[in-house]
Amino acid sequence: TVQPLKFLKTANGCFNEKYKFYKDGLIDEEFVMRLTEEKWGGKSEKSSRKDDIYNHIDFYWSRDGSEKIGFDVKGVKKSRRSDDMKDDSIHWVELLNVQGKEGWLYGKAKYIAFLTNTSILYVPRLELINLINTKIKNTSVKTSMPNECYVPYQRRDRMDLIVKVLTSDLRKIAKQELVYGE
């Protein structure tokens, strides 16, 4: 079950952005779990905190007693932090996390469920790894935000490594697309 959120306020009374992202993520996870069940039946259950943190699995889904399948949910994000609007034509993929360890791309989820403004793309994680490896081959890491996709980006003085991926490419490798917003 989802625990009540405890928001911390900054000195000016605004909600801390970290907790807003956390809350948005929980809403996206619940949305994908519900729509997955509605479309394909079966049962979804929220993963344990340990599975969420270490295995990058947000929820499990199974039907008729079959093997539980792990999903990691990724919502629509901005192309740049300074942008006013979220951009569903791209998605950010984490290769290394802020500690410099393997990012969520190398977790144990079978599928990454990418949200767009109108659908959920169920992308096999291993196929996403292959796509990214093919696209970024022989590309150097940038420390300034690239405009292009498939350019590895590492924030200055940080250990993370992320790459922007075209949603149209995710759509090509998606196992399923569940349309909801049209």
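Anyway, here's the lowdown on the structure attached to this text. Because the structure is a prediction, the values reported are computed rather than measured.

### Description of the overall build of the chain
Here is step 1 of the chain: The number of helices and strands found in the chain is four helices and eight strands.
Here is step 2 of the chain: When its helices and strands are written in sequence order, the chain yields α-β-α-β-β-β-β-β-α-β-α-β.
Here is step 3 of the chain: Buried residues in the chain amount to 41% of all 182 residues.
Here is step 4 of the chain: Residue pairs at least 24 apart in sequence account for 50% of intrachain contacts in the chain once pairs closer than 6 positions are excluded.
Here is step 5 of the chain: Surface summary for the chain: the accessible area is close to 11300 Å², and the carbon and sulfur share equals 50%.

### A short note on the pattern of salt bridges
Where charged atoms from two side chains of opposite charge approach closely, those side chains can pair.
Here is step 1 of the chain: This model, assessed by the stated rule, comprises nine salt bridges.
Here is step 2 of the chain: The partner of Asp169 in a salt bridge is Lys135, and the shortest N-O contact between them spans 3.8 Å. Of this pair, Asp169 sits in helix 4 (residues 167-173) while Lys135 sits in helix 3 (residues 125-136); the two residues are 34 residues apart in sequence, bridging distant segments of the chain.
Here is step 3 of the chain: Take Asp169: its relative accessible area is 8%, and that puts it in the buried class.
Here is step 4 of the chain: Between Glu177 and Arg171 there is a salt bridge whose closest N-O contact spans 3.1 Å.
Here is step 5 of the chain: Counted as one network, the salt bridges with shared partners bring together Glu29, Lys46 and Asp52.

### Examining the packing of aromatic side chains
Here is step 1 of the chain: Per the stated rule, a full pass over the model turns up seven aromatic pairs.
Here is step 2 of the chain: With 4.9 Å between their ring centres and 80° between their planes, Phe31 and Tyr180 make a pair best called edge-to-face. Residue Phe31 is located in helix 1 (residues 17-40), and its partner Tyr180 is located in the segment after strand 8 (176-179); the two are separated by 149 residues in the primary sequence.

### A short note on the sheet that holds strand 8
Here is step 1 of the chain: If you walk across this open sheet you meet the six strands as 1-2-3-5-6-8, and the pairing is mixed. Of all the strands in the sheet, just strand 1 (43-46) and strand 8 have a single pairing partner and so form its edges. When the angles between neighbouring strand axes are averaged without regard to direction, this sheet yields 25°.
Here is step 2 of the chain: In this structure, strand 1 lies alongside strand 2 (residues 59-62), joined through four bridges in antiparallel fashion. If you follow Lys46 over to strand 2, its bridge partner there is Phe59.
Here is step 3 of the chain: Running over the sheet, helix 3 touches strand 5 (111-115) and strand 6 (119-124) and is turned about 80° from strand 6.

### A closer look at the side chain of Asp51
Here is step 1 of the chain: Within the secondary structure, Asp51 sits in helix 2 (residues 49-55).
Here is step 2 of the chain: Although buried, Asp51 forms no salt bridge, and the nearest oppositely charged side chain, Lys50, lies 7.0 Å from it.
Here is step 3 of the chain: Once you skip the residues sitting within four places of it in the chain, Asp51 turns out to touch His56, Ile57 and Tyr60.

### Re the nonpolar core
Here is step 1 of the chain: Counting 28 residues, the largest nonpolar core has Val93, Leu128 and Ile132 as its most contacted members.
Here is step 2 of the chain: Mapped by element, the contributors of at least two residues to this core are strand 4 (90-96), strand 5, strand 6, helix 3, strand 7 (161-166) and helix 4.
Here is step 3 of the chain: Sorting elements by how many residues they give to this core places helix 3 first, with five residues.
Here is step 4 of the chain: Look past the residues within four positions of Leu128 in its chain and what remains in contact with it is Val93, Trp104, Leu105, Ile112, Phe114, Val123, Leu170 and Ile173.

Calculation notes
- Residues numbered from 1 in each chain as written.
- Predicted model: local features only at pLDDT ≥ 70, side-chain atom pairs only at ≥ 80, totals over all residues.
- Heavy atoms only, no water.
- Helix = DSSP H or I, 4+ residues; strand = E, 2+ residues; numbered from the N terminus.
- Buried < 20%, exposed > 50% of the residue type's maximum accessible area, 1.4 Å probe, protein only.
- Contact = heavy atoms within 4.5 Å.
- Areas by Shrake-Rupley, 256 points an atom, 1.4 Å probe, with all protein chains shown as cover.
- Salt bridge = Lys/Arg side-chain N within 4 Å of Asp/Glu carboxyl O.
- Phe/Tyr/Trp six-rings, centres within 6.5 Å; stacked < 30°, edge-to-face > 60°.
- Pairing = 2+ DSSP bridges.
- Axes fitted to C-alpha atoms, helices over the stretch in contact; angles between N-to-C directions.
- Lys, Arg positive; Asp, Glu negative; His and termini not counted.
- Core = buried A, V, L, I, M, F, W, Y, C linked by side-chain atoms within 4.5 Å.

Purely geometric stuff here, so don't read any function into it on its own.
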